[in-house]
Amino acid sequence: MITDPDRTRLDRGFFDRPVLEVAPDLLGRTLVRDSDDGPIELRLTEVEAYDGPRDPGSHAYRGKTRRNASMFGPPGHAYVYFIYGMWFSLNLVCGPSDTASGVLLRAGEVTRGHDLVRKRRLSAQKDKELAKGPARLATGLDIDRSLDGTDLCGPDSVLSVLHGSPATPDQVQNGPRTGVGGDGAHQPWRFWITGELTVSPFRAHTRRRRAT
């Protein structure tokens, strides 16, 4: 029997767990963004886990900085960063405070607020492309650094995660993270829902050339 997604908001206890437990458990959950123009909702279909000082692929691997401070907790907060001088990416902080672990939201299916997302994603030709990749997801949901540190568990937060319709273990696949190089390249910490058209294609890390 098909049931409607559960509208109960996830509490801080959900995020206060090891990142490799939280990441796959986010699949199928509903991300809510209360933007200035109206509400947008997204069913999460692809995520990546980053495990702080134990993970060479993590922004927090070398310690706390002004840029990554939100990643050090407490759990249930947003960590938003700017990449390549062009795009923002949204992460959900998890684990105990000061552990600096988080989950990058890579892709999802827009389930509410399609018109609002299309206005910000003019290049998307189909609905499945609206939030297919972390930069597209953040752009479509109007995510920028002003939301860094947002408490997702606060009663009036502009960002939250609902229980939704979590994926079952047999629906979840995992593999290497996209674009991660060096010692963190082969960690199989990207998780996605099998068969979802919104999941972004895997791309191995390539070294960016410096301008000459």
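Further up the page is the structure itself.
Here is what the cut-offs are and how they apply
- Residues numbered from 1 in each chain as written.
- Predicted model: local features only at pLDDT ≥ 70, side-chain atom pairs only at ≥ 80, totals over all residues.
- Heavy atoms only, no water.
- Helix = DSSP H or I, 4+ residues; strand = E, 2+ residues; numbered from the N terminus.
- Rg over C-alpha atoms; globule rule 2.2 N^0.38 Å.
- Buried < 20%, exposed > 50% of the residue type's maximum accessible area, 1.4 Å probe, protein only.
- Contact = heavy atoms within 4.5 Å.
- Areas by Shrake-Rupley, 256 points an atom, 1.4 Å probe, with all protein chains shown as cover.
- Lys, Arg positive; Asp, Glu negative; His and termini not counted.
- Charge placed at Lys NZ, Arg CZ, Asp CG, Glu CD.
- Salt bridge = Lys/Arg side-chain N within 4 Å of Asp/Glu carboxyl O.
- Polar contact = N/O pair within 3.5 Å; in protein donor to acceptor, adjacent residues only side chain to side chain.
- Phe/Tyr/Trp six-rings, centres within 6.5 Å; stacked < 30°, edge-to-face > 60°.
- Lys NZ or Arg CZ within 6 Å of the ring centre and 35° of its normal.

Novice: I'm lost on the overall build of the protein chain in this one. Help?
Specialist: Summing up its helical and strand segments, the protein chain has four helices and nine strands in all. The order of helices and strands in the protein chain, counted from the N terminus, is β-α-α-β-β-β-β-β-α-α-β-β-β. By the compact-globule yardstick of 17 Å for 212 residues, the protein chain fits well, its C-alpha radius of gyration being 16 Å. Seen through its C-alpha atoms, the protein chain measures out along the principal axes to roughly 45 × 40 × 35 Å. Burial status across the protein chain gives 48% buried among its 212 residues. Long-range contacts, defined as pairs at least 24 residues apart, comprise 63% of the intrachain contacts of the protein chain with a sequence gap of at least 6. For the protein chain, the accessible area works out to roughly 11,100 Å², and carbon and sulfur atoms hold 49% of it. One finds the centroid of the 30 positive side-chain charges in the protein chain at a distance of 9 Å from the centroid of its 27 negative side-chain charges.

Novice: Is there a simple way to explain the environment of Phe202 in this structure?
Specialist: Among the structural elements, Phe202 can be located in the segment after strand 9 (190-193). Overall, Phe202 belongs to the partly exposed group, its relative accessible area being 41%. Spatially, the C-alpha atoms of Phe202 and Gly175 are 9.1 Å apart, while their sequence positions differ by 27 residues. Not counting residues within four places of it along the chain, the set of residues in contact with Phe202 comprises Pro176, Arg177, Thr178 and Arg190.

Novice: Mind showing me how you'd approach unusual backbone geometry here?
Specialist: Although it is not a glycine, Ala100 adopts a positive phi angle of roughly 60 degrees. As for its placement among the helices and strands, Ala100 is situated in the loop between strand 5 (87-94) and strand 6 (101-112). The backbone of Asp142 sits at a positive phi, close to 55 degrees, despite the residue not being glycine. Mapped onto the fold, Asp142 is located in the loop between helix 4 (134-140) and strand 7 (159-164). A relative accessible area of 23% places Asp142 in the partly exposed class.

Novice: When you look at the pattern of salt bridges in this model, what are you seeing that I'm missing?
Specialist: For side chains bearing opposite charge, pairing can occur when the charged atoms are close. One pass over the full model with this rule turns up 17 salt bridges. Here Arg106 makes a salt bridge to Glu48, at a shortest N to O gap of 3.9 Å. Of this pair, Arg106 sits in strand 6 while Glu48 sits in strand 3 (residues 38-51), placing them 58 residues apart in sequence. Like Glu48, Arg106 is buried. For Asp142, the salt bridge is made with Arg120, and the minimal N-O distance between the two is 3.3 Å. Here Asp142 is found in the loop between helix 4 and strand 7, whereas its partner Arg120 is found in helix 3 (residues 114-120), with 22 residues between them in sequence.

Novice: What is the right way to look at the side chain of Asp55 in this model?
Specialist: Among the secondary structure elements, Asp55 is positioned in the loop between strand 3 and strand 4 (78-83). By relative accessible area, Asp55 is classed as buried at 0%. Within polar-contact distance, the side chain of Asp55 engages the backbone nitrogen of Asp51 at 3.0 Å. A polar contact of 2.9 Å, which involves the side chain of Asp55, links it to the backbone nitrogen of Gly57. Discounting chain neighbours no more than four positions away, the residues touching Asp55 are Ala49, Tyr50, Tyr61, Arg177 and Trp189.

Novice: Looking at this structure, how should I read the packing of aromatic side chains?
Specialist: Given two aromatic rings, one states the distance between the centres and the angle between the planes to describe the pair. Under the counting rule described, the total for this entry stands at three aromatic pairs. With centroids separated by 5.1 Å and ring planes inclined at 80 degrees, the aromatic side chains of Phe14 and Phe15 adopt a geometry described as edge-to-face. With 5.6 Å between their ring centres and 40 degrees between their planes, Tyr79 and Tyr81 make a pair best called tilted. Both residues of the pair, Tyr79 and Tyr81, count as buried. Here Arg190 stacks its cationic end above the ring of Trp192, 4.2 Å away from the centre of that ring.

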